[in-house]
Amino acid sequence: MKRSIVVAITGASGTTYAVRLLEVLLAAGCDVYLTISSAAQTVMKQELELTVDLENFNPSMLMLDMGASPKDRKLQKLRSMAGISSDSSNVLSIGSGEPGVIQYCHYREYMAPIASGSFLTDGMVICPCSAGTLSAIVNGTSANLIHRAAEVHLKERRKLIVVPREMPLSLIQLNNMKRAAEAGAVVMPASPGFYHGVQSIRDLVDFVVSRICDQLGVPNALIKRWGQ
């Protein structure tokens, strides 16, 4: 049975983690319910040169069209910037069977399935998670679908993973992370390790993505694990 994972991309730096996470989850056979904030749209343009139309979204806007021609040099360059391989077969430790699909949910669409606790999922990841998004979640000041979906996962006692990417951290931000953890969320700052034979930016990206997948129970072979 396919797993359903909610992925939200918000306006913190580090959108490359989100794009790589999407590729891995799809390769692992997970169906992804994807929502993207307007700030994330701006950051993806700045960091990855990606033009993402939130009103007329297509997965190819995130370089997820695996059927694209290998001669497309611009696509190859962008995938390299994001730490994404042209061959996703190396991301898994076991065969996944049929790949997953993306179901896009506009961040203003409160009628989306993920807005309700009656819609079953296997977890949610906010990657990267902006300080503003984290604040809205822990203070219950929901203003969009991302906040609402996070609240749903907390109240239903389902896995909620937030991936902040910020430094230095203010006392307010530290307290918000503490409150998120107390409410049941898993706080995973985008802090890659360096003990797994790092040779490229992609190795650093994969470290964070691998640890996220571990929390979701998604088997992967993205990194060399400690003691192996």
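So, how was this worked out
Residue positions are counted from 1 within each chain, in the order its sequence is given. Reporting in this predicted model follows two pLDDT cut-offs: at least 70 for local features of residues, and 80 or more for side-chain atom pairs to be given and counted; totals over whole chains, interfaces and linings ignore these cut-offs and use all residues. Side-chain numbers come from the whole structure's heavy atoms, not from hydrogens or water. Two strands qualify as a pair provided DSSP detects at least 2 bridges between them. Helix and strand definitions follow DSSP, with helices as H or I runs of at least four residues and strands as E runs of at least two, each counted in order from the N terminus. Across the chain, each position has a pLDDT score giving the predictor's confidence in that residue, from 0 to 100. Any pair of residues with heavy atoms lying within 4.5 Å of one another is described as a contacting pair. Identification of polar contacts relies on pairs of N or O atoms within 3.5 Å, with a donor-acceptor requirement for protein atoms, meaning one able to donate a hydrogen and the other able to accept it, and with residues adjacent in sequence counted only if both atoms are side-chain atoms.

Peer 1: Give me the sheet that holds strand β2 (residues 31-36): which residues, what numbers.
Peer 2: The six strands are arranged β3-β2-β1-β4-β5-β6 in an open sheet whose pairing can be described as parallel. The sheet is open, and its two edges are formed by β3 (102-104) and β6 (186-187), each paired on a single side. In this sheet, strand β4 (residues 124-129) lies alongside strand β1 (residues 4-9) in parallel orientation, the contact comprising three bridges. Its bridge partner being in β4, Ala8 is matched across the sheet by Ile126.

Peer 1: Please give an account of the confidence of the model for the protein chain that cites residues and values.
Peer 2: Should pLDDT be low for a region, the predicted coordinates there are not to be read in detail. Mean pLDDT over the protein chain: 89, with 86% of residues reaching 70 or higher. In the model, residues 66-71 has pLDDT below 50 throughout and makes six contacts with residues more than four positions away in sequence or in other chains.

Peer 1: Can you break down the side chain of Asp31 residue by residue, with the values?
Peer 2: For Asp31, the location among the structural elements is in strand β2. In this structure the side chain of Asp31 is engaged in a polar contact, spanning 3.2 Å, whose partner is the side chain of Lys2. Of the polar contacts made by the side chain of Asp31, one reaches the backbone nitrogen of Val101; its length is 3.0 Å. Sequence-distant contacts of Asp31, defined by excluding residues within four places in its chain, comprise Lys2, Arg3, Ser4, Ile5, Gly100 and Val101.

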